[in-house]
Structures are given as structure tokens and as C-alpha cells.
Amino acid sequence: MDVSLATEDQALLATFKTEATRERAFTAILKKYSERLYWHIRRLVVNHDDAHDVLQNVSIKIWKGLADFREESNLYTWLYRIATNEALSFLESQKRRAALSLSDYEGSLENKLVAEKGFDARKIEWRLQQAIQSLPEKQRVVFNLRYYDEMPYEEMSEITRTSVGALKASYHHAVKKVEAFFKEGFH
Amino acid sequence: MSQSENIQKELESLSSPLANMPKGQPFAVPEGYFARMIEELTATIAQEDELPRTSIPFEAPEGYLDTLPDQLRDTALKADKSKKVIPLSPIRKLSRIAAAAILLMGLGFGVNSYFRAKAPESVAARHLSKVDKESISTYVSHQWGGVDLETGAAVAESANNETHDAIAKLKSSEIREYLNEHRDVGMIEMDEETL
């Protein structure tokens, strides 16, 4: 992460610690990171309304947890960690609900993608999204963080609490699977 | 080298077609969503903060909650000290024993009657008593080759008596010897006194 950005985050955290400026600091943090967090969540849960609900929960968790944040990690990796966990919890709850109603969960994510406004299976960016949705959950997180958020492995390691080596292997596997998906699709 | 370039190089080293693909985001977002987002999120937080104050419409009497822990502790201690055992009066005790005894007797009688009724011997005797003597005699002569009922009974009686007499005449040493010989089939060696 950029040094100047990290310094800016430290200043925001210091502002947050003062009761009088707490809300202002929180709003500044949201302004800085909420859009990135939204896209990270959206790529995982696909649907906009679901992403918005998850983001609301994330912002509540940030508000409640920020006072106890000990700055052992970067603010933004901490925010991404909360967003990732919330998105995965949301998907888990959807899975449980699908199991109770005996419906197909994996199919429901695929259906959500197909139901998206402007979906066109012939367009490469939609095909890529279909390929990403076919990945296992954790691999999808790793792939998105690396490919779209362009995150260094060290920061991904803080977010996912996984070793850099394991993350590299996971990302390479994901890339190969996405490739295979494309090859199958275009045969 | 920037992070973006690093990632591009990594994809190229994997010879992945992803290296040459545009990274465009295909998802659509409602118009003006990001402009409203901060406002909406901070409103959610404000609502969340208000929840504890507004979600409980009940009120407790003034000062009730301050004294509540002490009150609960005193009540618990008092209840512990005032545990009493109330003894039964002799008449009530006696009536309980009598009721239990009647119940046991009734149960014993019932069980006894049940097993007696079920015993195969009594069932056979009951059925045989319904058959007339002549039919039994015909059956016995048919089965035992012309021996009539009286003769059969006399033979069985005499055989029984002979067995008893023979056993009575046996010496205890002979019985012990026999028992010791048949120890293998589960018999126990007995001394003279037992015999």
C-alpha cells in the first residue's frame, strides 16, 4: 500500500479517537473506501441489493469495531477483511436457505448472474464473471483480490489469514480454471 | 514496478489469456448510487445507534435496577436458609405403609394367578378333564398296542415304585462313585454328609 495513503489512514484513525470528530472521521473513511468495498462485495454476491445489504452490515461493524482497532495491520486490509467475512457469511446463509428449500444454491448464483442487467454470454467480461462464479468460494476471493483489486500477496495474506505461498498456489489454480472454463466454452 | 504491472507480468508468466483481456466491470449500478451511498450508510449507523434507546418501550420504577442485584442476592440467601423438612404424622405414616402392603399383596396375587394359568401342566390338565375316559382308553390302546388304560397306569405306577426302591437300596458310596464318574457332564462331587 502507498505510504502516503497509510499515513492518511493513521490521521483518520487519530481523528476517530476524539469523540467530537468521530463521526467526521468515520464519514471520511467511508468516502475513501466504501466504493472499493462495494465492488469487492458485489463480485462475490453478484446482486446489487445483496451487495448493498452486506455493505450496510460492514459499515455497522466498522463503526462498532474501529474504536478497538489496534493498528497492527493497515486500516484498509482490516476493512477488506470485514467485507470479505460478511460477504462469505451472507453466501453461507444463502446456502443454508437453499438447502432448507431443497433448491440449487450454485445454480442460484449462476441465475443471479444471468439475471443481471445487460448480461450477454457472448461478451468476454460476462464470460469471465461466469468463469469466476464457477470457482470455489475461497479461490474466488483470492482471484478477485489479486486480479481486480491488484492487491499484493502480503496484504491478501492479512485479509485471508493464509500464507503467501498458499495464496500464490490458489491464485495460479484459479487462473488455470478460468482458462479451462474459456476453452470449454468456446469449443 | 507498480503492483498492476506485477500482476500483468504474473499472468503473462502463466501464459494466461487473462493477460490480454480487458478488466472491465460488467455489473450495472443504479444511477447515483455511489453519490447517495455515504449518506445511506451513515444513516444506517445512526439508526443502529438509536436502536437500544427506542426498541424497548417498557419502563422500570425509579431506582429499581440500582437495587435489583442486592434484592436478588438477599432473596436467594433467604430461600436457602429457610429450607425445612416437614415430618409426617404417625397416622399418615401408617396409612402409607398399609397402602403399600395392599398394593404389593395385590401385585403378588396377580402375578401368581397369571403364571398358574399359563403353566402348561394346568392347561393340559384342564383340557384332559374335558375328554371322557373311554376316548383316552381308545387312544392309549391304539398308541401302545392293545394295552388298556388301567393296565398302562398300573405298569407306570409299578415302574415308578421299582425305581424308588432301587434308589433307596443304593449305598451312599455307590451314589458318590456314580456322581464322581459323571462329573464331566456338569455334576459336582459331593461328600457323604451332603448325600
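Above this text is the structure in question.
Residues numbered from 1 in each chain as written. Chains lettered and ligands numbered in written order. Predicted model: local features only at pLDDT ≥ 70, side-chain atom pairs only at ≥ 80, totals over all residues. Heavy atoms only, no water.

A. Structural detail: the interface of chain B and chain A. Contact residues are listed per partner, giving 31 residues for chain B and 42 residues for chain A. Across the interface of chain B and chain A, roughly 3,500 Å² is buried in total on both sides, 69% from carbon and sulfur atoms. Joining chain B to chain A, the criterion identifies two salt bridges. The closest approach of N and O atoms between B:Glu10 and A:Arg146, which form a salt bridge, is 2.9 Å. Elements that contribute at least two residues to the side of chain B that touches chain A include exactly α1 (3-13) and α2 (33-54) of chain B. Broken down by class, the residue content of the side of chain B that touches chain A amounts to 18 nonpolar, eight polar and five charged. (Contact = heavy atoms within 4.5 Å. Buried area = accessible area lost by both parts, 1.4 Å probe. Salt bridge = Lys/Arg side-chain N within 4 Å of Asp/Glu carboxyl O. Helix = DSSP H or I, 4+ residues; strand = E, 2+ residues; numbered from the N terminus. Nonpolar A, V, L, I, M, F, W, Y, C, P; charged D, E, K, R; others polar.)

B. Just the packing of aromatic side chains, in detail. Residues and elements named next belong to chain A. Applying the stated criterion across every chain yields a total of 16 aromatic pairs over all chains. Aromatic pair Tyr38 and Trp39: ring centres 5.1 Å apart, planes at 75°, arrangement edge-to-face. This pair shows no difference in class: Tyr38 is buried, exactly as Trp39 is. Geometrically, the ring pair formed by Phe143 and Tyr147 is stacked, given 5.1 Å between the ring centres and 20° between the ring planes. One end of the pair, Phe143, and the other, Tyr147, are both in helix α7 (residues 137-147), four residues apart, so they sit about a helical turn from each other. The exposure classification of Phe143 matches that of Tyr147, with both residues buried. Through pairs of rings, three or more aromatic residues link up here, namely Phe143, Tyr147, Tyr148, Tyr153 and Tyr171. Against the face of Tyr153 rests Arg146, its NZ or CZ located 4.0 Å from the ring centre. (Phe/Tyr/Trp six-rings, centres within 6.5 Å; stacked < 30°, edge-to-face > 60°. Buried < 20%, exposed > 50% of the residue type's maximum accessible area, 1.4 Å probe, protein only. Lys NZ or Arg CZ within 6 Å of the ring centre and 35° of its normal.)

C. Representation of the packing of helix α2 (residues 22-45) of chain A against helix α3 (residues 48-65) of chain A. Residues and elements named next belong to chain A. Relative to each other, α2 and α3 sit at 145°, their axes nearing to 9 Å. Crossing geometry of α2 relative to α3 is assigned as right-handed. Along the contact surface, α2 presents Arg22, Glu23, Phe26, Leu30, Ser34, Leu37, Tyr38, Ile41, Arg42 and Val45, while α3 presents His48, Asp50, Ala51, Val54, Leu55, Val58, Ser59, Ile62 and Trp63. (Axes fitted to C-alpha atoms, helices over the stretch in contact; angles between N-to-C directions. Left-handed = near helix turned anticlockwise from the far one by under 90°.)

D. Highlighting the environment of A:Leu13. All names here are of chain A. Tracing the sequence through the fold places Leu13 in helix α1 (residues 3-17). When its relative accessible area of 5% is taken as the criterion, Leu13 is described as buried. Separated by 62 residues in the primary sequence, Leu13 and Leu75 have C-alpha atoms spaced 8.5 Å apart. Each residue touching Leu13, except ones within four places of it in the same chain, is listed here: Leu66, Phe69, Glu71 and Leu75.

E. Examining the packing of helix α6 (residues 124-133) of chain A against α7(A) more closely. Residues and elements named next belong to chain A. Contact pair α6 / α7: the axes reach a minimum separation of 9 Å and the direction vectors enclose 140°. In terms of their interaxial angle, α6 and α7 are classed as oblique. For the pair formed by α6 and α7, the contact residues are Leu128, Ile132 and Gln133 on the first element and Arg140, Phe143, Asn144 and Tyr147 on the second. Grouping the constituent residues of the contact of α6 with α7 by class yields four nonpolar, two polar and one charged. (Parallel < 35°, antiparallel > 145°, perpendicular 65-115°, else oblique.)

F. Molecular detail of the layout of surface pockets. All names here are of chain A. What the largest pocket holds in volume is close to 290 Å³. What lines the largest pocket is a set of 14 residues, and nearest its centre among them are Phe69, Ser73, Trp78, Arg81 and Arg161. For the lining of the largest pocket, the element with the highest residue contribution is helix α4 (residues 75-100), accounting for five residues. Of the residues in the lining of the largest pocket, the class split is three nonpolar, four polar and seven charged. Its volume calculated, the second largest pocket comes out at about 170 Å³. Around the second largest pocket sit 13 residues that line it, and Lys138, Val141, Val142, Thr160 and Thr162 are the ones nearest its centre. Looking at the lining of the second largest pocket, the elements with two or more residues in it are α4, α7, α8 (153-160) and α9 (164-186). The element that contributes the greatest number of residues to the lining of the second largest pocket is α4, accounting for four residues. Classifying every residue of the lining of the second largest pocket gives six nonpolar, five polar and two charged. (1 Å grid on protein atoms, 1.4 Å probe; cavity = no way out; pocket = protein on both sides within 12 Å on 5 of 7 lines; lining within 4 Å. Points joined across faces, edges and corners; volume = space filled by probe spheres on them.)

Take it as geometry only, folks, not as evidence of what the structure does.
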